[in-house]
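Fold and geometry: a report
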Amino acid sequence: MWSPLIVFLVVGLATAENAWKPGYEYKYQIKGRTLAALHQVADKYVGVVSRATLTLQPQSSNAVLARISDAQFSPVQASLPGGWASRIPEKELNYKSLPLSSKPFQIKFKNGVVDELVVSKDLSNPEVNLIKSVVSQLQVDTHGENEIKWHRGSQAPKRPSESVFRAMEDTVTGKCEVMYDISPLPMYATQVNPELAPMPELRGDGILMDIAKTKNFSNCDKRVAYHYGITGLTDWEPADNEMGHFFSRSGVSRIVISGSLKEYTIQSSVTVNKVILSPALYNAQKGMVVSRMNVTLISRRSSSGSPPSVPNPQRVKDLVYDYNDPFPSERSSSSAKSPAKGNKSSESESQSSSSSENDSSDSQSNSQESGSSSSDSSESVERPGHKRQIPKRFRRSAPQQKNKNASSGSSSSSSENDSSDSVSNGEDSSSSESSSESQNSSNDSSSSNSSESNSSSSSSSSSSSSCSSGSSSSDSESSSSESNDSDSNCSDSSSSSSSSSSESGSVSSASSSSSSSSSSSEEHNPKPGMNKAPKIPLLPYFIGYEGNAIPTSKDIEPVSAVKKLCSQIASELQHPSTIPQKSTLSKFAIVVRLVRTMNAEQLQKAVSQIYAPIKSSGENPWTVLRDALAAAGTGPCLTTIKDLIKSRKIATEEAAEIFATLAASARTPTAEFLKALFALATSPEVTKQPLLNSTAILSFANLARKAQVNNVTAHNLYPVHAFGRLSPINPKAVAEEYIPYMAKHLRAAVKDGDSHKIQVYIRALGNLGHPKILSVFEPYLEGKEPMSTFQRTLMVTSLNKLAKVFPQVARRVLFNVYQNLGESHEVRCAAVLVLMRTAPPAFMLQRMAEFTNRDPSLQVTAVVKSAIQSAAALQGPHHHEFKMNAKAAANLLNPKPLGIHYSRQYLQSYMVKEMGLAYRRELSWIGSSDGLLPSSAFISTRYNVGGWKSQNMALAMMTSSFNDLVDAVSDQFEDSDSSNSGKHGSKSGKKSSGSGSGSHSPFTTEKIAEMLNIEPSDDEQVEGNLLVRYMGTSRFFTFDNTTIENLPALLKSAASALRSGHKFNYNKLYNQFALTLAFPTETGLPFVYSIKKPTYISLRGEVQAKSHPDMASGSRDSIRVPETINSTASLQFVYSTRMTAKISFVAPLTHTRYIAGVQKNIQVNVPIKATFDLDAENSEASVTLQPLYNNREAQIFHYSTIPYTAKHNILDLTPVSQGSNFKPIHVREPMQMETTVGKDSTGFAFRVKYATEQKYLDYQYLYEKAQRHDAMSLILYPWAERTIKYNNINVVFDPQRSNTKSVTFTASYDDNSDDSQSSHSWSDSDESDSASNESRAHSGKSNSGKSAGSSSSSMANPSTSKPVSEKRQQEFLRRASSGIKNASASVLDLAVEFNGNKNIAYVATAAYASSEVDETSRALFYFYKSPTYGNSKPYEVCAAAKGVYPNVPLMNIAKALRANPTSYASSEISFGEKCGSGAAQISISAKGEQSQERKEYIRRSPMAQKCMSLMQSGSYLQPACRNITARANFLDSYSVNIQYEKLPAAFKNFTYKAYSVARYLGYPYLDENTINVHNKEGKITVDIDFEPDLKAANVSLTAPSFEADFDLVRVGQWARPLAVQHPSWNAADRFLTYALHAQWTASCGLDRDSVSTFDNKTYPIHLGKCWHVMMTSQPEDDDSSSSSSNDDLTAEVTVLVRDASSHEKEVKVILGDDVFDLKPSGSSSSKKSSESGDADGVVYFNQKQRSVSYRKINNVTDSDGEMLAFWYALPSGAVIFEAPQHEIAIMYNGEAAWLEAGSTYRGDVLGLCGTYDSEPATDFTSPKSCILEQPKMFAASWAVPDQTCQGEAKEWQRRAASAPCFNQTFTPHDVITEEDANSGYSSRSSKSSRSSNSQSGKSSSSSSNSGCTQHRTKIIEQGSQTCFSMRPQPTCANNCRATGKVEKSVDFHCVANSSASRHFVEMVKKGANPDFSRKEVSKTIKISVPQGCTSN
């Protein structure tokens, strides 16, 4: 069977030329169809079918004359149940004449393959492309003329080698790889399908052969495509075979020939091209554009006469789709002389006829050929009914080849063996590209099209890059188009690059898939200029008018069209409810597209006609045009915006938003564009506006990185296949202009101390992401130039962009910063956060993990630990390698748990099940040393939609100190000077005691500081910034002390403006994202896919506000805090967005676009009037809301999804959805629901209308959706659906059916603090009740069998149900406090009132009371609903609960284990119309106790055993004892009894449903009995027993009709502190204690002979008879203290301690001028017992003894009546002392003291308790602010040297004064090596010269000098030591000399002369560089190093 074919193949290889015999005329029928559809949704198709006749008349063996005649087309929009290929009913067809010229054209062959065409110059570009699509069907390479070899390692199919081969072949879709498969076709096959070979008799003696061709679009020499918006995060190559899960493309041809391969006739040729993709990127259901071109032989006859010649001929050198010139009228005559602008087919026929048959290959440049196209530009061809101008066609320019002679009159000839041929046809050979950056002139026509240089080689294949995976984490400021997966030197996946990327991530060596954009065989349109519209190919508005841009049509005048559309949009925006229906956002998208087609002159004209200042109300078309200019992103738009800014038509915040949007949406950022943008950003008009200046320079830097520094982004994001590389790789402007400018301004800002500019230029340099920024940052990061810790932290975080673009370079620098233990924890933590974004290798993560076990900084330990642990849990294939690296390190981490107040980094990723959706989120923060809240926090989220990745949200806030920021802001406010006429008195100023007697103590905080010479704190200024990504842009706001000090002026100005009313009108139109992809189909019609999301945000209205006292009055330097605020506002907030996804193709000759698409609308519209009243004095606030328009319906919410097909006239500037051929797709009859909600219950009527084609809309649907998502993905993708279907939801406010006019929300708070401070409130109340409680508490007997007693629900039944009733509040306060000694009670009253024809009120009141000295607590709750329109009866709920929780010992584990912690609770609930006897009743009694198993578990735990051992030596406040004592009394066994009666059936049903849910969720643990259950009716019993370790629980439920057991239900670690009760701590205390690992309010314990600091460092101590400072506030520097510091009561606190005896302590608490002494009670501790009721200590206030009792709380107040301090005794005898204003508490039992200090003291205290900064390493800080080593000397340094001091403390204090003491100063080191600073540059200046920023401006030295500079370890011998430089230093190699010398300070490590030192010396001499970087620095020596090296 195969032997004849093989014979034919062999013969064909030798002699085959073409497929037709001269002397004959062949006629073929052409049939084409191109259809678009959402074919997996429904069988609705839209498109066009065509037919014509092709006549071929061979002229010679290498030339055929052809003509296409009778061309017709018919639009189609119909259902095709049989699919796209099925027969279309004739009634659906309406054929019309296709305006395709019938002029003849010539096809030339070369060795049987189509080589070129000769066509008439009169043909338009679309006509030529249609001809190419037909001729492409005749492209048959039967003998492998263009064969390419198989990839190394790949295998060809197991077929005869002659029948299967690959070729690089040009067709209309590009020049791409094609797989040929040739096989014989049996005759019987033609009987089944006769159309395959309609004339089989022509085979003669031969056979029929079937040729199958399969295109590989991933390997193309010439890729024809336009794309925009594929972010650098996305590893896609535009127009490849596939693009993630979103897109796939195929092209398959079947050609049947008859005869032999030498002489054959093409019987038929059909090519099917399919593009299948998800409309919204992620949908499971796909859409497609399918095109089929079929050429079938219908006749052959002898020809007579000579064939006609081609009129006015020109050559077309290949079959690849030609780009067009969309603006033919803009051509100048010079374009004919510009080979870059000319079509490669520009030669006349006479020139082409003189060409050699062996023309050069398509990869060669024909720029030498001279054309006469200047005359062509004026020629036109007449068509029936109209005359059109013939546009010039552009081919993407080819770079000139070396050693080619240019000729002006004729084409150059070249050998068949030209080198470019070998590149095209070789085995993916790499070709080095050589070109220069093109500069555009103002008229564009003189632009050069040569591609930019790429210094590394890459394959000519344009396949997607496969870069090494980096951490795909997003950053807090990341642009949506960044890549963090690789360096820019990624290698192409289908090429073997001749250059390997170095670890440095060199810019100059960058070679990624982006190299394909300027491949040696690709040709491009001219680069866009600044004044002319870009000549964008393939897109509808640029080719939609017969191949021209639509403004060239006489029907469209762009300025008028834009003006009309802007007016329409502005008018429609005034009525937000109509925005979705009128497709307003689609109209805005049309304006943006139209603006892109306009030049600067047209835009200026449009601006002049439309511009108007923005008014506070009313429509304004100018804002629409303004936002369209920014969103269009073209050069003319930039020119126009520049003029607007310079003329001050837009300024400040408005200009900043426009600038940021323009930079983010730039479509063609050429070098010229960037230079113009930089010039604008640095112009005086911009720099003089601080807000605009910072936004401009930061936005520019972002764009420069994406377009010029990051090769991946520059390739993926911008249309490089249309224009070539828009900006050169590693342009000089970045290194020699942009970075030096920013560096210069950074130095000036540092010199001036301008924090705002310092932050802006640090961030701007970071945004560039260029390695050269390291040389700018180096002197600051290495401590050579002064800079605050905050600024250096910002500098490190700003390396996040460098970490994305050059991860290996950034990784080394960041790792060095992290390793520097002398650096501050903020800088080191920032380095870790950014380092993780580089996806460190396993060995580096393991090094970091291991070091957490000995890192002195817990902050750094915490961030490393959390980062590695979270990275090890990442999901998805993109993170696999990083995840495995992290897993390899996770087990090496420090196991010690750390609280969440330490630094953290959480990396999280999730993939939505069964959908192409995913996300990656990073949440991180840098912990603060002076507070629980972090100093800096970062959050970012990145979308992954069908593989398309984009930054969604980023928010970052950085401060030097959050506490200092709060203090600084607080200092700007002053309290009002009003009387205490309200519920609560005001606090002000410095307080003194109300006792009338001051302290006579010699001790005050100030005196102690003087005695000990405590060094004051040196506070840095407050600095910070806020970075937020919103509305498609990133904004950066900075602040410092100056900013904060300006707050009063700003707020006063605002208050003054608000007094008389302030109108505002903010409107913003923008694109949330846009993605466009276009390329030609097989029929020559461009495929266009676009998805965009135009969005509208509006907030407009008027606000009026008044305050008392008036905030606008008073001192200019401070703001008076108002007591009352009354404000009114009328506002309308609108958020509207429309996602439009269009799968389409364009028919330019008929200016029609055929679309299958989806549009999704979401809108929220809130038009309200609001009145807000705040009465701070009486703790009451109310808000009244009412509709803004009382008589107008308002659409509050709209959501719709509409799949559709459409035929749209491109010249019709109306939205597709408003066209007559817009047809929604329906898959089934929609379910519809319409109802009115709210009318009965509130009086407001809201109409809800819902229509959906969802097949099942039930709980199962919602459950399945929830199962696919996690919480975050549900928030990010709430409207995402797997299937595409019609949905429509509307919520409309209906004022006509509404009976309510307004709604009022009121909240009021009150407590009994005023009463509790009066003397009588602290006396014993209800003595009999309390006495019994006290007796039980102190008896030590078991209280099992007792209960909480009943607490009747009548206690919660008030005398009035009036909303916000003071009477009810006082009743609840009194009732809640009843029977509770010294009760503290509070009440919250809430009300919602609907005001109208019938007032409807909802009231809720809750009260709670508890006491420090009473075990009883009580809670009351009341709810009331008045009669409504739907229910005439009221409804009440009354609930009262009472609990008895004993005070348990917290200082002694032995006592804690002996105590009885059993607790009781009871509640009564009544609900119904009234809470009386006829209402439903529920009674609940509960008991919680500790099981014996739990006690034994605690007693036997290792921690308890350790504590018992410590207690034997008198140490029971060390961490082990404190922790186990806290755990000793958790309750693990609970029993709950519930009794009920008169419950309504609905309530019972609800509870059963709740149980059903619990049963479903707990099914694996459930054992249920519903048979033979005879339990008592009206009673439910619940028993809960936790396992001893509290990690699981057994739950038993007994109900009247069933019994259920849930066994070993797992209890999560975060749920455990909420589920397990403790008698002394409420749920909030337990949760925060767990989350912060007992650091919520840190404590310091001092017992017999040891101290445990706030930060849990324990050391031995002996105090003796000498006062020691346990804790004191660190004094502030006089220069840094503010006038408000006197109000800071925490600055006046000192706690002293000394031995009272061998085992007893005395404590002295100094609060300003008042002194409290805590002394032992004097009785032996062995005689004390709870029965005696004696306290273990006594309290003295200002040397007067005060009583201490467990029966009541004793207190003293200050002069303002505020409580200064109170104290009481616990049942165990310990005394609790609290000073609430000063935020300290002490637990004292005579032998030990336990001090708790509030978070205010963090980082601001000194003493025996340490620094309280979360770092144990700093706890031994002495009064000199240096750190001592020996505990004894440290303790002695805090001895108060007064006359009462006795013992050895003074002697040790003298020793401590001369002991080594190390200052806590940060010592930055050399973290940026010479190699890193010079990454990507062959020769640069030395570090010192870079530090001084002396830029020579010269280019780097030639490659011959690149090896002259070496780095060697420097050796210096000094006496008996040999010193080695810590890092290798630059030196000149042999045969090289230094160009200059500079001095540099270098760190050396010195060792004594020995054999070891001599060994290292020998190693260095042999060329090695030993690593001394981890050694200690011995000394710093100045040495001379070469400034540069050059060859001798």
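Residues numbered from 1 in each chain as written. Predicted model: local features only at pLDDT ≥ 70, side-chain atom pairs only at ≥ 80, totals over all residues. Heavy atoms only, no water.

**Digging into the sheet that holds strand S72 (residues 1921-1925)**
Pairing is antiparallel across the open sheet formed by four strands, whose spatial order is S71-S72-S74-S75. The two strands at the open ends of the sheet, each matched to only one other strand, are strand S71 (1915-1918) and strand S75 (1979-1991). Averaged over all adjacent pairs, the angle separating strand axes in this sheet is 35°, with direction ignored. Alignment of S71 against S72, held across four bridges, turns out to be antiparallel. The partner of Ile1916 across the bridge, within S72, is Cys1923. Taken strand by strand, helix H50 (residues 1955-1965) contacts S71, S72 and strand S74 (1936-1952), and its axis lies near 40° from that of S72. (Pairing = 2+ DSSP bridges. Helix = DSSP H or I, 4+ residues; strand = E, 2+ residues; numbered from the N terminus. Axes fitted to C-alpha atoms, helices over the stretch in contact; angles between N-to-C directions. Contact = heavy atoms within 4.5 Å.)

**Looking at empty space enclosed by the protein**
In this model, the largest cavity occupies a volume close to 380 Å³. Taken together, 34 residues line the largest cavity, and the ones lying closest to its centre are Ser50, Leu98, Leu130, Thr1083 and Leu1085. Those elements giving two or more residues to the lining of the largest cavity turn out to be strand S1 (24-37), strand S2 (44-60), strand S3 (63-79) and helix H2 (125-135). It is H2 that provides the largest number of residues to the lining of the largest cavity, a total of six residues. The computed volume of the second largest cavity comes to approximately 220 Å³. Taken together, 21 residues form the lining of the second largest cavity, with Ile590, Arg593, Lys1142, Pro1215 and Val1216 sitting closest to its centre. Counting only elements with at least two residues in the lining of the second largest cavity, the list comes to helix H7 (540-543), helix H9 (584-596), strand S31 (1086-1108), strand S33 (1124-1147), strand S34 (1152-1175) and strand S36 (1194-1209). (1 Å grid on protein atoms, 1.4 Å probe; cavity = no way out; pocket = protein on both sides within 12 Å on 5 of 7 lines; lining within 4 Å. Points joined across faces, edges and corners; volume = space filled by probe spheres on them.)

**Structural notes on the packing of helix H19 (residues 732-752) against helix H21 (residues 773-781)**
Orientation of H19 relative to H21, taken along the N-to-C sense of each, is 15°, at an axis distance of 10 Å. Comparing their axes, H21 and H19 come out roughly parallel. Where H19 crosses over H21, the two elements pack in a sense that is right-handed. Two secondary-structure elements touch here, H19 through Ile739, Ala743, Leu746, Arg747 and Val750 and H21 through Ile773, Val776 and Tyr780. (Parallel < 35°, antiparallel > 145°, perpendicular 65-115°, else oblique. Left-handed = near helix turned anticlockwise from the far one by under 90°.)

**Re the packing of aromatic side chains**
Tallying each qualifying case throughout the model produces 39 aromatic pairs. Aromatic side chains Trp20 and Phe109 sit 6.0 Å apart centroid to centroid with 50° between the ring planes, which places their arrangement in the tilted category. Separated by 89 residues along the polypeptide, Trp20 in the loop between helix H1 (2-15) and S1 and Phe109 in strand S5 (residues 105-110) bring together distant segments of the chain. You'll find Trp20 and Phe109 in the same group, each marked buried. With a centroid separation of 4.9 Å and an interplanar angle of 20°, the aromatic rings of Phe1145 and Tyr1154 are classed as stacked. Owing to a relative accessible area of 1%, Tyr1154 belongs among the buried residues under this scheme. Chaining the aromatic ring pairs together yields one cluster made of Trp236, Phe246, Phe247, Phe1079, Phe1087 and Tyr1089. Here the basic side chain of Arg249 rests over the ring of Phe1079, its NZ or CZ set 3.9 Å away from the ring centre. The cationic tip of Arg1192 hangs over the ring face of Tyr1189; the distance from NZ or CZ to the ring centre is 3.9 Å. (Phe/Tyr/Trp six-rings, centres within 6.5 Å; stacked < 30°, edge-to-face > 60°. Buried < 20%, exposed > 50% of the residue type's maximum accessible area, 1.4 Å probe, protein only. Lys NZ or Arg CZ within 6 Å of the ring centre and 35° of its normal.)

**Comments concerning the packing of helix H16 (residues 690-709) against H19**
The angle between the axes and the distance between the axes are what describe a pair of packed helices. Between H16 and H19, whose axes approach to 12 Å, the crossing angle comes to 155°. Considering the angle they form, H16 stands roughly antiparallel to H19. Here the hand of the crossing between H16 and H19 comes out left-handed. Packed against H16, whose contacting residues are Ile697, Phe700, Ala701, Gln708 and Val709, the element H19 presents Val734, Tyr738, Tyr741 and Met742 at the interface. Here the contact of H16 with H19 is built from residues that sort into eight nonpolar, one polar and no charged. (Nonpolar A, V, L, I, M, F, W, Y, C, P; charged D, E, K, R; others polar.)

**Thoughts on helix H42 (residues 1519-1527)**
For H42, the buried fraction is high: seven of the nine residues fall into the buried class. The set of residues buried in H42 consists of Pro1519, Ala1520, Cys1521, Arg1522, Ile1524, Thr1525 and Ala1526.

**Some thoughts on the pattern of salt bridges**
Counting across every chain of the model gives 40 salt bridges. For the salt bridge of Glu116 with Arg315, the shortest nitrogen-to-oxygen distance reads 3.0 Å. With Glu116 in strand S6 (residues 113-120) and Arg315 in strand S16 (residues 313-316), this pair connects stretches of sequence that are 199 residues apart. The exposure class assigned to Arg315 is buried, which follows from its relative accessible area of 1%. The salt bridge partner of Asp627 is Arg626, with a shortest N-O separation of 3.0 Å. Classification of Asp627 as buried rests on a relative accessible area of 2%. (Salt bridge = Lys/Arg side-chain N within 4 Å of Asp/Glu carboxyl O.)

**So, the nonpolar core**
Val595, Leu625, Met742 and Leu746 are the most contacted members of the largest nonpolar core, which has 170 residues in total. Excluding anything up to four places from it in sequence, Val595 contacts Val562, Leu603, Leu625, Ala628, Leu629, Ala632 and Cys637. Ranked by size, the runner-up nonpolar core spans 96 residues in total, among them Trp20, Leu38, Tyr282 and Leu319. (Core = buried A, V, L, I, M, F, W, Y, C linked by side-chain atoms within 4.5 Å.)

**Points about the confidence of the model for the protein**
Averaged over all residues, the pLDDT of the protein is 81; the fraction at 70 or higher stands at 82%. The low-confidence segment residues 331-521, where pLDDT is below 50, has 563 contacts with residues more than four positions distant or belonging to other chains. Segment residues 1723-1732 is flagged for pLDDT under 50; beyond a separation of four residues in sequence, or across chains, it makes 10 contacts in the model. (pLDDT = per-residue confidence, 0-100.)

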